[in-house]
Amino acid sequence: MGRRVVDHIVEYLAGIGVEYVFGVDGANIEDVYDAAFFRSDITAVLAKHEFSAATMADGYSRSGCGIGVVAATSGGGCLNTVPALGEAFASRVPVLALIGQPPTGLDGRGAFQDTSGRNGALDGHALFSAVSVHCRRVLTPADIITALPAAIAAAHTMRGPAVLLLPKDLQQADVPVNGGVVVAERDAAQQSDVHPIARALRRAAGPVTLIAGDQVARDDARAELEALRAVVRARVATVPDAKDVAGTPGMGSSSALGVTGVMGHPSIAAVVAGSALCVLVGARMPITARAGLDDALASVPVYSIGSAAPYLACTHVHSEDLRGSLKMLTAALSGQGRPAQVRVPDVVARSELRPPLHCGPGIRYRDAMAALDATLPAGVDIVVDAGNIGAAAIHHLPVRRNGRFVVALGMGGMGYGFGAAIGMAFGRGRRTVVIAGDGSFFMHGMEIHTAREYRLPVTFLLFDNHAHAMCVTREQRFYRDRYSYNRFGPSRLGAGLGAMFPGLPATDVDDLASLPAALGAALETEGPAVVSIECSADEIPPFAAFLDGATSKPPATKEIPTHVAART
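Just so it is clear, the structure is predicted and the values come from calculations on it, not from any experiment.

**Student:** Sorry if this is basic, but what is going on with the domain arrangement of the protein here?
**Tutor:** When the parts come together, some accessible area is lost, and that loss is often what is quoted as the size of the interface. For the protein, the assigned domains read domain 1 (5-172), domain 2 (194-337) and domain 3 (365-546). Between domain 1 and domain 3, the C-alpha centre-to-centre distance is 29 Å. With 23 residues of domain 1 at the interface, the matching set in domain 3 holds 25 residues. Buried area between domain 1 and domain 3, summed over both chains or domains, comes out near 1,800 Å², and the portion from carbon and sulfur atoms is 64%. Joining domain 1 to domain 3, the criterion identifies 0 salt bridges. Joining domain 1 to domain 3, the criterion identifies 13 residue pairs in polar contact (both at pLDDT 80 or more). For the side of domain 1 that touches domain 3, the elements supplying multiple residues, two or more each, are strand S1 (20-23), strand S2 (43-46), helix H3 (50-62) and helix H5 (82-91). Its residues assigned to classes, the side of domain 1 that touches domain 3 shows 11 nonpolar, 8 polar and 4 charged.

Encoded structure:
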């Protein structure tokens, strides 16, 4: 047998340090799994669903382990990757997607799962181009020699998913003997001109506030950010999906302001408004990160440095390499260039969002986060899913020393955390904790089986309020609580999973006194474990859009729909 296209793909990926390909097997991608079988330096991981396979690749990449790779077959298999690729696209996470297609000889001729775009077939290239920074359909065996490195380079330099559409017959075809191997060099990151920001900081007369974003994590620039903070004596806030980049133990925790935005700390607005200068570091400031700060940011000079301009007026300096750019900026502000008029701001008491007290059944969100904070050791990675419990974790749960804290807010898709945590556990090889609601579990929670199959150290904390609770809150707040589409019947997820997967440690907890012991036992388990925690769908989470009056500023646009009254 010659050297097939799939053999070339797997060999190339292994050669650049890729250790895992995440996917779901199927007829038009099975040759990739076959090629991986013959190599000891790369593992093809079998997920339960293509969405989760793609979030495994996303979590692997987002946690700093290198480019994540997902493989999916044609038809419904590849279509299942679209929402996860959309998340990676929105959050600018490098991912390589290998998408199987029917044989080229059947294009437009009624092939099963035809996505060639010919003769009325669904156009896969158009579809995947919308959720990627690079998409190419490989048309000849020789194309793979340049197409693969070009896709990987695009994922890195353009920051997002790159997609290769691979027809079945071309996967099996031999690569030309003298085709060689072409390595597409990643474009060298241009050195940023940091002097506009340096000049502004030298002129600043008063306190400086830094707002750090997710590019700090992607570029592993935490130490460089802390060095800059120390030089300009600044206080640092983080956006919700960059909670672990600053203000953690050993990284300026005494100068931390907390989290910005709709799940953040209201006191940050006053700090920003009282600053002589605000610098956004790798932070685009979408509405989830900017809510409550628009007036403050409009009242002070704002500068930005990062790979993409923020969603607000400011002076922006482009940088594809924050580590290098922050080093240059710190050097420019050291010695003779040190700012003379910046000063340490007054101590600011961090204020919290204060939902109304709730006395219903189950464990309160804040109490659960306090128990988790007291139990989690250093070095643990945390992945937070969407929903009420996600808001509580973002607002209340501190990051572990030397641990990651990942939340996907690009698309905010429920169920992301299950696959992402598995990808992180494969890549980082450490205890990873998933915080998710029962709604997210019902979507993609069967990846717990994948964690069990691979004996991964993942602890799944399932907060079971028998509802899509954030939607219940919206029904109560914006539709006068006259009905609910979003409540479920009761479930015992721990007992159910324990029965489904013999040997999996799984327990249900419905009172706060029992929670610490259950958490401790789950964290001490060598492989995966599940704790299902009873809580209430009627508890309002720390989410600014649901709070009003004295607790927080109301949303800019009220969400009371006029058609509700009209229909009564």
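There's more to say after this.
**Student:** Which parts of the structure should I look at to understand helix H11 (residues 222-232)?
**Tutor:** Residues lying three or four places apart along an α-helix face the same way, a consequence of the helix completing one turn every 3.6 residues. Within H11, 8 of the 11 residues are buried, which leaves it mostly tucked inside the rest of the structure. Residues of H11 that are buried include every one of Arg222, Glu224, Leu225, Glu226, Leu228, Arg229, Val231 and Val232, and no others. Looking at the buried positions of H11, the neighbouring elements they touch are helix H9 (195-203), strand S7 (208-212), helix H10 (214-218), strand S8 (235-238), strand S10 (277-281) and helix H15 (322-332). Looking one or two places after H11, you find Arg233, whose phi comes out positive at around 55 degrees.

**Student:** Sorry if this is basic, but what is going on with helix H18 (residues 416-428) here?
**Tutor:** Here H18 contains 13 residues, and its C-alpha end-to-end distance of 18 Å stays within 8% of the 18 Å for a straight helix at 1.5 Å per residue. Burial runs high along H18: 11 of the 13 residues are buried. Tyr416, Gly417, Phe418, Gly419, Ala420, Ala421, Ile422, Gly423, Met424, Ala425 and Phe426 are the residues of H18 that are buried. Positive phi shows up at Gly429, right after H18, with a value of about 65 degrees.

Here is what the cut-offs are and how they apply
- Residues numbered from 1 in each chain as written.
- Predicted model: local features only at pLDDT ≥ 70, side-chain atom pairs only at ≥ 80, totals over all residues.
- Heavy atoms only, no water.
- Domains from an automatic or database assignment.
- Contact = heavy atoms within 4.5 Å.
- Buried area = accessible area lost by both parts, 1.4 Å probe.
- Salt bridge = Lys/Arg side-chain N within 4 Å of Asp/Glu carboxyl O.
- Polar contact = N/O pair within 3.5 Å; in protein donor to acceptor, adjacent residues only side chain to side chain.
- Helix = DSSP H or I, 4+ residues; strand = E, 2+ residues; numbered from the N terminus.
- Nonpolar A, V, L, I, M, F, W, Y, C, P; charged D, E, K, R; others polar.
- Buried < 20%, exposed > 50% of the residue type's maximum accessible area, 1.4 Å probe, protein only.
- Expected span 1.5 Å × (residues − 1).

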